[in-house]
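Fold and contact review
The primary structure of each chain is shown beneath.
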Amino acid sequence: MIPTTINNIHPDLADSPVAPRKRAWSFYAVLFVLVLPLWSTVPLSWLFVLYSLRTGNIWSYTWPGKSCFIVCLAEYLLFPPGSPCFWTISLRSRDIYEIQAAFTRLLKAGLANLPPDGGDEESLDTERPGSPTEPIVQLEHTDPRAIDFRNSIRTWFRKVPWSSIKLLEMQKWLYWSMYNADLPAHDKLPELHRQTLNDALDLLQKRVGCRVPDGSDLNVHPMRLTVDSVHVWARPLTYYVLIAFINRVLKWHYHSKWRVRQRSMDGLEYLVRIPRNWVPGAGPRPLVFVHGLGLGVLQYHVLLSHLFENITDRPILVLLQPQISQDFFHPRFLKPMSRHETADRLAQVLHDLGWVNIDTYEDTTTDSGESEEEKDTTKGFVNRKKGVTMLSHSNGSYTHAWMLKGYPKLITRSCFVDPVTFCSWEGDVCYNFIYRTPMNGIELLMRYFVGSELGVANLLQRHFDWASNSLWYEEIPNARDPSKAFFLLGGKDSIVHSARVKRYLTSHGIRKGLWYDPEGRHGQALMAGGPGHAEILKWLEDDQ
């Protein structure tokens, strides 16, 4: 039976050209008012340093002039003229078996016959409606499931018509997705890699309902984040100094007003506030917040202040991520932790704080040698461990996904705001955030101030792992229980393809726990005073 979610799809959808977009006036406003003044600081610093040295005026400057020269010299030394803004690093290898499993799961997405609204509660599997049990069989070219899949996969080829994608470009994309590398020459391709590539291509062609035509098209370029060129737009050193100073002041402010402390465990840094009268297991679950790309606590200051001020009955932990916070002077700025490093350390932090007990989630079928009295004591201790509530925004949903994959029983409540982890296998997030040409002010702001920043570009384009970052429905504990899982999406999100994410979640029976604002933009749900912000606080306070 053809799924009712896409049974009215147009047969030529995957070959329909993307409608051209025009530059909005807001693009030029942002360009001339914000971007160019900040960007020009570096080249103007070069000119001032060269002028001062060439003319010898440096020796006649008074202290204000010499101070300005020192600042400009620092800019000159950090980004000298003609120097590359980025350097090549060794890419992390991937677990090929994990990749193959993720790729197979990707191909099964959308195969099940799931109604768009999830159907009646009685007709749904009580645990996992639409679990990935569908076999991958040869679909007809006109099958709506094949058309829809072709339309989503072409996003990885920068949304060119499907008929423009040839075999060589498809092989390049498949090889990158599995081995995190460029496709070697035919005579240098290892036999095992060749067989794996052919198997993946065979499964893909069944799913898209047709064969990928032989040949190559030089005008078609697949998106391969970790091997494509990285474009970093330099920003002044004083910009990083200012960001670091403000973030340090804010942390001091949190400590003095709400007793928030900054701690570190094996390189993982976090802010934590624990109420004096809170008792582990007896009070509400602790809250863990994972922020997204941007300026760190500065960007989330209003939200954090509101949480510290209004949620006083439980601990709050804020995971600090210098690699996506423009924390230029941090030793791990260009050395982000991997999925397993982050998840393991965070789980250990929660364990050390007494909020969870990692040991209780290990195999308990073997005899531990404990007496019955000791087992009863341990059982009582375990029962007091209610787990934690995790709130994530945007890129923070990747870390959220890592925790659910590695330690699902520790995260007993999950709130996803503008999540990029769902349907990330379709390529919309990568295309919208990195490859798409900015056409309005919001897109230009995101591209210059976030996407093209050194630390962010390093993370996304040299440490991206689509298999680890993709979260599937069946990996979310209690996904259909609105008291345990809450999802917030904005219909006008310029990064997340919220319509497809909404369809993916609702088709699996998530309805009451999904809040969708048709006019909402990326990050708007976190703005104080807005309806999304109120919904988040209400959900957090309804902890049971």
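A quick note: this is a predicted structure, and the numbers were derived from the prediction, not measured.

The rules behind each value
- Residues numbered from 1 in each chain as written.
- Predicted model: local features only at pLDDT ≥ 70, side-chain atom pairs only at ≥ 80, totals over all residues.
- Heavy atoms only, no water.
- pLDDT = per-residue confidence, 0-100.
- Contact = heavy atoms within 4.5 Å.
- 1 Å grid on protein atoms, 1.4 Å probe; cavity = no way out; pocket = protein on both sides within 12 Å on 5 of 7 lines; lining within 4 Å.
- Points joined across faces, edges and corners; volume = space filled by probe spheres on them.
- Helix = DSSP H or I, 4+ residues; strand = E, 2+ residues; numbered from the N terminus.
- Nonpolar A, V, L, I, M, F, W, Y, C, P; charged D, E, K, R; others polar.
- Phe/Tyr/Trp six-rings, centres within 6.5 Å; stacked < 30°, edge-to-face > 60°.
- Buried < 20%, exposed > 50% of the residue type's maximum accessible area, 1.4 Å probe, protein only.
- Lys NZ or Arg CZ within 6 Å of the ring centre and 35° of its normal.
- Patch = residues over 30% accessible without salt bridge, like charges linked within 9 Å, V, L, I, M, F, W, Y side chains within 5 Å.
- Areas by Shrake-Rupley, 256 points an atom, 1.4 Å probe, with all protein chains shown as cover.
- Salt bridge = Lys/Arg side-chain N within 4 Å of Asp/Glu carboxyl O.
- Polar contact = N/O pair within 3.5 Å; in protein donor to acceptor, adjacent residues only side chain to side chain.

A few words now on the confidence of the model for the chain. Per-residue confidence for the chain gives a mean pLDDT of 86, with 86% of residues at or over 70. This stretch, residues 1-5, has a pLDDT under 50; its non-local contacts, to residues over four places away or in other chains, come to 20 contacts. The low-confidence segment residues 84-90, where pLDDT is below 50, has 13 contacts with residues more than four positions distant or belonging to other chains.

Attention shifts here to empty space enclosed by the protein. For the structure shown, the criterion picks out six cavities of 30 Å³ or more. Empty space within the second largest cavity amounts to approximately 120 Å³. Every residue lining the second largest cavity is counted, 13 residues in all, and those nearest its centre are Asn-395, Tyr-398, Val-429, Phe-433 and Leu-460. When residues in the lining of the second largest cavity are grouped by element, the largest group, four residues, is from helix α13 (residues 428-435). Here the residues of the lining of the second largest cavity sort into eleven nonpolar, two polar and no charged.

This part covers the layout of surface pockets. Summary: where empty space remains is shown by rolling a probe the size of a single water molecule over the atoms. By volume, the largest pocket amounts to about 940 Å³. Along the walls of the largest pocket sit 35 residues, with Gln-299, Ile-442, Met-446, His-522 and Gly-523 positioned nearest its centre. Elements with a minimum of two residues in the lining of the largest pocket: α9 (301-310) and α14 (441-451). Broken down by element, the residue count for the lining of the largest pocket peaks at six residues, all from α14.

Turning our eyes to something else, we now look at the packing of aromatic side chains. Centre distance and the angle of the planes are the two values used to describe a pair of aromatic rings. Taken as a whole and assessed by the stated rule, the structure comprises 25 aromatic pairs. Taking 5.9 Å as the distance between ring centres and 40° as the angle between the ring planes, the aromatic pair formed by Trp-156 and Trp-173 counts as tilted. Pair noted here: Trp-156 is in the loop between α5 (144-153) and α6 (167-179) and Trp-173 is in helix α6, with a separation of 17 residues, a long-range link. Residue Trp-156 is classed as buried on the basis of its relative accessible area, which comes to 2%. For the ring pair Tyr-240 and Phe-333, a centre distance of 6.3 Å and an interplane angle of 75° mean the geometry is edge-to-face. Note that Tyr-240 is positioned in helix α8 (residues 237-258) and Phe-333 in the loop between β4 (316-319) and α10 (339-352), a separation of 93 residues in sequence. The class for Tyr-240 is buried, based on a relative accessible area of 2%. Taking relative accessible area as the criterion, Phe-333 reaches 3% and is therefore assigned buried. Pairwise contacts between aromatic rings join Tyr-239, Tyr-240, Phe-328, Phe-329 and Phe-333 into one cluster. Seen from the ring of Tyr-516, Lys-502 lies directly overhead, with NZ or CZ sitting 5.3 Å from the centre.

With that settled, the discussion passes to a nonpolar patch on the surface. Together, Tyr-28, Phe-32, Val-33, Leu-34, Leu-36, Trp-39 and Trp-233 give the surface a local cluster of nonpolar side chains, amounting to about 690 Å² of exposed area. Checked against the element boundaries, Leu-34 lands in helix α1 (residues 25-39).

All right, on to the environment of Trp-258 then. Its place among the elements puts Trp-258 in helix α8. Overall, Trp-258 belongs to the buried group, its relative accessible area being 10%. Along the primary structure Trp-258 and Glu-309 are separated by 51 residues, whereas in three dimensions their C-alpha atoms are 7.6 Å apart. In contact with Trp-258, other than residues within four places in its own chain, are His-253, Arg-273, Ser-305, Phe-308 and Glu-309. In terms of polar contacts, Trp-258 uses its side chain to reach the side chain of Glu-309, at 2.9 Å.

On to α13, then. Of all eight residues making up α13, eight are buried, and the element is well covered by its neighbours. The set of residues buried in α13 consists of Asp-428, Val-429, Cys-430, Tyr-431, Asn-432, Phe-433, Ile-434 and Tyr-435. On the buried face of α13, the contacting elements are α12 (396-406), α14, α15 (454-462) and α17 (498-507).

Our next topic: unusual backbone geometry. Its identity as a non-glycine residue notwithstanding, Gln-326 has a phi of 55°, on the positive side. Along the chain, the position of Gln-326 falls in the loop between β4 and α10. Despite not being glycine, Ser-394 has its phi angle at roughly 55°, a positive value. Looking at where Ser-394 falls in the secondary structure, it is placed in the loop between β5 (388-393) and α12.

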